[in-house]
Amino acid sequence: MKRLRVTPGPVLALTAVWLATRALMAWLLTHDRSPLLGAGAVPREVWRLYAHWYDVLTQGAFPAHDSMWQYPPGAGAVLLAPGLLPGLTYFQAFVALTLAADVLVTAALVRAGTRPGRSLLGAALWTCGLPLLLQLPLARYDVLVTALAVVSLLALTRSARAGGVLVALGALVKVWPALVLLGTPRGTATRRTWGWAVAAGGACFALLAASFGNSLAFLREQGGRGVQIESFGGTALNLARHAGWPGRPRYQYGAIELVGPYVHGVAGLSLALTATAFGLLVLWRLRARHWNPATPYDAALAAVLLFTVTSRVISPQYMIWLLGLAAVCLTSRHTGQRPVAVLVLAATAVSSLAYPVFYGEVVDGTWTGCLLMVARNGLLGAAAVLSFVRLWRSARPPAGRTSATTEPRPDSDRLPGRALSIS
């Protein structure tokens, strides 16, 4: 069997870029007192909020009656993990773990991109795209969640068991990784992957519930959330302030939300749109007749984009998820999401201007802040629509071919140009 001969040049270049950009991100994190970098607000979430939750968790319970605790039980394991690194402060250990997760994502994308019929564009997108968020990724645990989603997607074509277990772990930490199962091909692949995900998720949840009290406390706080200022609904309400709407921003549930007349109606509309998005994704899966090796990746990106743009909350760290999933798509030459990845990259750059650079303008609802959010959310909205349209079109069998019940083989990208039809 011929072994793939990988040219080391691109991998070495990506390694050099990764080292340089992550060093810059770490420097920004420790020198962010400037108002344009958030005046120290970005790392505060780690050394104040996460460290406080760590203290609560070490007492054997999840933070009940804490309006900012809105995460599934698996998040507790992530927040306890820095305590496993001796000799470091909580903040230092947390950043070290985040960088380790970043290394894992980069290595997985490079490994996938150097296989036959694959591309290093995904690794390049992640390596160069994450620093567009400045120091933010190092001070949020979303990189660790994204690592679970990325590795699970890349593992799905090789091992249903590994893919399902990793998806379950990701969903226990922050729910959205469960969406990566949407694109698994019908038949044995789906039954095995979903079965392992349910079994692993159930077992881990039971273990966490037995080990910690208040395991479902997050549901109450999550249900009480309103309209965050950076969401689509928040942007509309911020624009309405210029037309005389009497609402105002307020810090609650760990974010800046808008309060005032019609806010509950906007929140309800967001939930209705999320339900509609879910219905569209289910309809796609029921009507899809053609799978190619990139379909699981493309479906994951489309699903998370749709749920993001219809959410009541679009925090800046959500861009980390989208960058990771877009990067997975670009590892395959069969993907139809390349234009979507460009839009996600552009939205990421604008997002860093909205937070932390001009966040005061966003909160105050000035024209500058409103225009930044219109630009960022406009790019995300365009990406979501384009992603779903391309996913829908890719599900139709090629002209002149009939669908047949087949499943993608492991490493199916080794056969460039070969399509797989699913009934």
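Residues numbered from 1 in each chain as written. Predicted model: local features only at pLDDT ≥ 70, side-chain atom pairs only at ≥ 80, totals over all residues. Heavy atoms only, no water.

**Q** Tell me about the overall build of the protein, and name the residues and values.
**A** Helix and strand counts for the protein stand at 16 helices and 5 strands. Taking 423 residues into account, the globule formula puts the C-alpha radius of gyration at 22 Å, and the protein, at 21 Å, falls close to it. Across its three principal directions, the C-alpha atoms of the protein cover 60 × 55 × 45 Å. Here the protein holds 423 residues, and the buried ones make up 53% of them. Considering only contacts within the protein whose residues lie at least 6 apart along the sequence, 76% involve residues at least 24 apart. Split by element, the accessible area of the protein, about 17,900 Å² in all, is 66% carbon and sulfur. Taking the average place of the 36 positive charges on the side chains of the protein and the average place of its 15 negative ones, the gap between the two points comes to 14 Å. (Helix = DSSP H or I, 4+ residues; strand = E, 2+ residues; numbered from the N terminus. Rg over C-alpha atoms; globule rule 2.2 N^0.38 Å. Buried < 20%, exposed > 50% of the residue type's maximum accessible area, 1.4 Å probe, protein only. Contact = heavy atoms within 4.5 Å. Areas by Shrake-Rupley, 256 points an atom, 1.4 Å probe, with all protein chains shown as cover. Lys, Arg positive; Asp, Glu negative; His and termini not counted. Charge placed at Lys NZ, Arg CZ, Asp CG, Glu CD.)

**Q** Tell me about the confidence of the model for the protein, and please be specific about residues and values.
**A** Overall, the predicted model of the protein reaches an average pLDDT of 90, with 91% of residues at or above 70. Confidence, expressed as mean pLDDT per element, reaches its minimum in the protein at strand 5 (residues 420-421) with 31 and its maximum at helix 13 (residues 318-330) with 98. Low pLDDT, under 50, characterises residues 402-423; the predicted model gives this stretch 63 contacts beyond four residues in sequence or across chains. (pLDDT = per-residue confidence, 0-100.)

**Q** Just give me the short version of the packing of aromatic side chains, but keep the residues and values in it.
**A** Under the defined criterion, the tally for this structure stands at 16 aromatic pairs. Ring geometry for F62 versus F212: centroids 5.2 Å apart, planes at 45°, classification tilted. Pair noted here: F62 is in the loop between helix 2 (41-57) and helix 3 (74-80) and F212 is in the loop between helix 8 (188-211) and helix 9 (217-223), with a separation of 150 residues, a long-range link. Both residues of the pair, F62 and F212, count as buried. Taken together, the ring pairs in this structure connect Y50, W53, Y54, F62, W69, Y71, Y90, F94, Y141 and F212 into an aromatic cluster. Above the plane of the ring of Y141 lies K174, whose end atom (NZ or CZ) is 5.1 Å from the centre. (Phe/Tyr/Trp six-rings, centres within 6.5 Å; stacked < 30°, edge-to-face > 60°. Lys NZ or Arg CZ within 6 Å of the ring centre and 35° of its normal.)

**Q** Give me the lowdown on the sheet that holds strand 2 (residues 248-252), citing residues and values where you can.
**A** The 3 strands lie next to each other as 1-3-2, forming an open sheet whose pairing is antiparallel. For this open sheet the edge positions go to strand 1 (227-228) and strand 2, each flanked by a neighbour on one side alone. (Pairing = 2+ DSSP bridges.)

**Q** Now, about helix 10 (residues 232-241): what can you tell me, with residues and values included?
**A** Residues of helix 10 that are buried include every one of G233, G234, T235, L237 and N238, and no others. The secondary structure elements touched by the buried residues of helix 10 are strand 1, strand 3 (255-259), helix 11 (263-287), helix 15 (359-364) and helix 16 (367-394).

**Q** Describe in detail the pairing of strand 2, supporting the description with residues and values.
**A** Note that strand 2 and strand 3 share 5 bridges and pair antiparallel. In the strand pairing of strand 3, Q252 is matched with A255. Between the end of strand 2 and the start of strand 3, which pair antiparallel, lie 2 residues, with Y253 showing a positive phi angle near 55°.

**Q** Tell me about the packing of helix 12 (residues 295-309) against helix 16, residues and numbers included.
**A** With their axes 9 Å apart at the nearest point, helix 12 and helix 16 run at an angle of 145° to one another. In this structure, helix 12 meets helix 16 at a crossing whose hand is left-handed. For the pair helix 12 and helix 16, the contacting residues are T295, D298, A299, L301, A302, L305, L306 and V309 in the first and L380, G381, A383, A384, S387, F388 and L391 in the second. Split by residue class, the contact of helix 12 with helix 16 holds 11 nonpolar, 3 polar and 1 charged. (Axes fitted to C-alpha atoms, helices over the stretch in contact; angles between N-to-C directions. Left-handed = near helix turned anticlockwise from the far one by under 90°. Nonpolar A, V, L, I, M, F, W, Y, C, P; charged D, E, K, R; others polar.)

**Q** Residues and numbers for a nonpolar patch on the surface, please.
**A** Nonpolar side chains collect at one region of the surface, where L239, W367, L371 and V374 lie side by side and expose about 390 Å² of accessible area between them. Tallying contributions element by element places helix 16 first for the nonpolar patch, with 3 residues. Position of V374 among the secondary structure elements: in helix 16. (Patch = residues over 30% accessible without salt bridge, like charges linked within 9 Å, V, L, I, M, F, W, Y side chains within 5 Å. Salt bridge = Lys/Arg side-chain N within 4 Å of Asp/Glu carboxyl O.)

**Q** Can you lay out the nonpolar core for me, pointing to particular residues and giving the numbers?
**A** Counting 109 residues, the largest nonpolar core has Y50, L109, W126, Y141, W284 and L305 as the members making the most contacts within it. Ranked by residues supplied to this core, first place goes to helix 13 with 12 residues. If we skip the residues at most four places from it in the chain, Y141 touches Y50, Y71, A75, V78, L79, F94, V173 and K174. (Core = buried A, V, L, I, M, F, W, Y, C linked by side-chain atoms within 4.5 Å.)

**Q** Quick rundown of the environment of L322? Include the residues and the values.
**A** Here L322 is to be found in helix 13. Judged by relative accessible area, which is 0%, L322 ranks as buried. Separated by 22 residues in the primary sequence, L322 and A300 place their C-alpha atoms 9.7 Å from one another. Beyond its immediate sequence surroundings of up to four residues, L322 is in contact with L301, V304, L305, T308, V344 and L380.

**Q** Can you lay out unusual backbone geometry for me, pointing to particular residues and giving the numbers?
**A** A cis amide bond links Y355 with the next residue in sequence, P356, at an omega value of 15°. Residue placement: P356 occurs in helix 14 (residues 338-357). Backbone geometry at N214 places phi at a positive 60°, although glycine is not the residue there. Following the sequence through the fold, N214 ends up in the loop between helix 8 and helix 9. Of note, Y262 is a non-glycine position whose phi angle comes to about 75°, a positive value. Considering the arrangement of structural elements, one finds Y262 in the loop between strand 3 and helix 11. Note on Y262: relative accessible area 64%, which makes it exposed.

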